[in-house]
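# Inside the fold
Listed below, chain by chain, are the residues.
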Amino acid sequence: MSSQTSSHKPRVAVVFGGRSSEHAISVLTAGAVLRAIDRDKYDVLPIGITSDGRWALTADDPERMAIADRRLPSVAELAESPEGGVVLPVDPTNREVVYTEPGAVPKALGEVDVVFPVLHGPYGEDGTLQGLLELSGVPYVGSGVLASAVGQDKDYMKRVFTSFGLPVGPYEVIRPREWEQDPTAARKKIVDFAAEHGWPLFVKPARAGSSIGITKVDDLGGLDEAIEEARRHDPKILVEALLRGREIECGVLEFADGPRASVPAEIPPVSAHDFYDFEAKYIDSADGIVPAPLSAEETAKVQELAVAAFEAASCEGLVRADFFLQDNGEFVINEINTLPGFTPISMYPRMWQESGVSYPELIDRLLQAALQRSTGLR
């Protein structure tokens, strides 16, 4: 870390975009984070990763990181150069970030004290970026390599939860080799699952988020198309049974004395959509109810389960935990998100706002926790 003096403001690299199908959502999140960071307290360096993986120096312009006329933003539009690249050295003794352009002398951008990764999905939220930052010795916001990987892969996430006694719904996994070697047998596996648990089913990528690539399948006729759509985003797919009940979310934030849960929120049914899909979340802006209209006992239970999920996956910093409150009154955990969205309509900051932690305070708390946490084994 660069030396801290009374006049030194920690330098925050906000890294966003990325190679996953959630690229645009990450740009939206970055815009909100850049607006919220206290510039009197932190220096900020925005670094965007393009869809093809180039690390680009971008404009510090949150207004351009928003949906305009239902059109999603991209790093390519924000990059200061179509060819220039930012290099973070994989060397724990050197935090100097360098900017290079073809035919030009490399330009030093200064040292970085902490990284705020706001990438979603593979190549950012799944432990890969976290591993790079561990090698570089740069502190960062959020979970480490293992928890990030577990939080991204819904198959292993559910296995971890089950091993800790947390309630999960019925699911089936089709691995890449199963589909490639014998698609008929893989399809039969899903049909047998439907025979046991009933239609409709949800077919989704095992390692994606933001409801991208998910299809609600009402009968056998729509199955192949749903599999193809999920595999477009991930060769490993997850099939889940329909859980009837209310969608409840809860935020977890790490404090000095350990993780605490926010007030929960409820995602109400969206009349124009079959389920809470990508369009409902980000384009048509379905409104969540914060706090969720739950009894005191239900609120305490979901908060307890959210913290238990955080601990089970060895998470750090923050998590959004998503549940179903079934008609029988029992909670089932659907998934956790180790880098939940921070867009203006995102549920995680809204839940903490209602819990007494303002948006700027939330950002500051995450950055301060990251600065105080060492890299490596801990």
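Up top is the structure these notes are about.
## Concerning the overall build of the protein
For the protein, the count of helices and strands is twelve helices and 16 strands. What you see for the protein is a C-alpha radius of gyration of 21 Å, in line with the 21 Å of a compact globule of 378 residues. Looking at the protein as a whole, 54% of its 378 residues are labelled buried. For the protein, the proportion of contacts with a sequence separation of at least 24, taken over those separated by at least 6, is 66%. Taking the average place of the 36 positive charges on the side chains of the protein and the average place of its 58 negative ones, the gap between the two points comes to 2 Å.

## So, the environment of Gly48
On the secondary structure map, Gly48 appears in strand 2 (residues 43-49). Judged by relative accessible area, Gly48 falls into the buried class, the value being 0%. Linking Gly48 and Asp126, residues 78 residues apart in sequence, is a C-alpha distance of 17 Å. Those residues in contact with Gly48, other than ones at most four positions away along the chain, are Phe16, Arg54, Trp55, Ala56, Thr58 and Val75.

## Quick word on the sheet that holds strand 6 (residues 107-111)
In spatial order, the strands read 4-5-6; together these three strands make up an open sheet with antiparallel pairing. Edge positions in the sheet fall to strand 4 (85-87) and strand 6, since each has one partner strand and no second. The sheet shows a mean angle of 25° between the axes of neighbouring strands, direction not considered. Across three bridges, the pairing between strand 4 and strand 5 (residues 96-100) is antiparallel.

## Overview of empty space enclosed by the protein
Picture a little ball the size of a water molecule; that probe, rolled over the atoms, points out where space is still empty. Under the definition given, this model contains four cavities of 30 Å³ or more. The element best represented in the lining of the second largest cavity is strand 16 (residues 331-337), accounting for three residues. Tallied by class, residues from the lining of the second largest cavity come to three nonpolar, five polar and four charged.

## A few points about the sheet that holds strand 1 (residues 11-17)
Overall, mixed pairing links the four strands, which are arranged 3-2-1-7 in an open sheet. Of all the strands in the sheet, just strand 3 (55-57) and strand 7 (114-117) have a single pairing partner and so form its edges. Across this sheet, the average inter-strand angle for adjacent strands is 30°, counted without regard to direction. The pairing of strand 2 with strand 3 spans three bridges and is antiparallel. Pairing of Ile49 across the sheet is with Trp55, part of strand 3. Each of strand 1, strand 2 and strand 7 is contacted by helix 1 (residues 23-36), which is oriented at about 155° to strand 1, the strand it contacts most.

## Overview of the pattern of salt bridges
When the charged atoms of two side chains lie near each other, side chains of opposite charge can form a pair. This structure, assessed with the given rule, holds 26 salt bridges. A salt bridge links Glu77 to Arg71; the shortest N-O distance between them is 2.4 Å. Asp234 serves as the salt-bridge partner of Arg207, at 2.6 Å between the closest nitrogen and oxygen. Placement of Arg207 in the loop between strand 9 (201-205) and strand 10 (215-217) and of Asp234 in the loop between helix 8 (223-231) and strand 11 (237-241) is noted, with a sequence separation of 27 residues between them.

## Thoughts on helix 3 (residues 128-136)
Those residues of helix 3 that sit buried are Leu129, Gln130, Gly131, Leu133, Glu134 and Ser136. Against strand 3, strand 7 and helix 4 (145-152) lie the buried residues of helix 3. Gly137 lies just past helix 3 and shows a positive phi near 75°.

## Observations regarding the pairing of strand 9
Most of strand 9 is tucked away, with five of its five residues classed as buried. Judged from the three bridges that link them, strand 9 and strand 10 form a sheet pairing that is antiparallel. In the strand pairing of strand 10, Val203 is matched with Thr215. Of the strand pairs in this sheet, strand 9 and strand 11 are connected by five bridges, and their pairing is antiparallel. Each bridged residue has a counterpart across the sheet, and for Leu201 the counterpart in strand 11 is Ala241.

## Quick notes on the side chain of Thr299
Here Thr299 lies in helix 10 (residues 296-312). Thr299 sits in the buried class, given a relative accessible area of 19%. Contacts of Thr299, omitting those with residues within four sequence positions, involve Pro264 and Leu294.

## Structural notes on the nonpolar core
Counting 36 residues, the largest nonpolar core has Val14, Phe16, Val33, Phe116, Phe342 and Ile363 as its most contacted members. For this core, the elements supplying multiple residues, two or more each, are strand 1, helix 1, helix 2 (75-78), strand 7, strand 12 (245-255), helix 11 (347-354) and helix 12 (359-372). When residues in this core are grouped by element, the largest group, seven residues, is from helix 12.

## Examining unusual backbone geometry
Most peptide bonds take the trans configuration, and most residues that are not glycine carry a negative phi. For the bond running from Trp199 to Pro200, omega is -5°, close enough to zero to count as cis. The residue Pro200 is located in the loop between helix 7 (183-197) and strand 9 in this model. For the bond from Val290 to Pro291, the omega torsion is -5°, close enough to zero to count as cis. Notably, Tyr123 is not glycine yet its phi reads approximately 65°, a positive angle. Under the relative-accessibility criterion, Tyr123 is labelled partly exposed at 43%.

## Considering the side chain of Lys204
Along the polypeptide, Lys204 turns up in strand 9. Non-local contacts of Lys204, meaning those with residues more than four positions away in its chain, are made with Lys154, Gly213, Ile214, Ala230, Ile237, Leu238, Glu240 and Asn334.

What counts as what
- Residues numbered from 1 in each chain as written.
- Predicted model: local features only at pLDDT ≥ 70, side-chain atom pairs only at ≥ 80, totals over all residues.
- Heavy atoms only, no water.
- Helix = DSSP H or I, 4+ residues; strand = E, 2+ residues; numbered from the N terminus.
- Rg over C-alpha atoms; globule rule 2.2 N^0.38 Å.
- Buried < 20%, exposed > 50% of the residue type's maximum accessible area, 1.4 Å probe, protein only.
- Contact = heavy atoms within 4.5 Å.
- Lys, Arg positive; Asp, Glu negative; His and termini not counted.
- Charge placed at Lys NZ, Arg CZ, Asp CG, Glu CD.
- Pairing = 2+ DSSP bridges.
- Axes fitted to C-alpha atoms, helices over the stretch in contact; angles between N-to-C directions.
- 1 Å grid on protein atoms, 1.4 Å probe; cavity = no way out; pocket = protein on both sides within 12 Å on 5 of 7 lines; lining within 4 Å.
- Points joined across faces, edges and corners; volume = space filled by probe spheres on them.
- Nonpolar A, V, L, I, M, F, W, Y, C, P; charged D, E, K, R; others polar.
- Salt bridge = Lys/Arg side-chain N within 4 Å of Asp/Glu carboxyl O.
- Core = buried A, V, L, I, M, F, W, Y, C linked by side-chain atoms within 4.5 Å.

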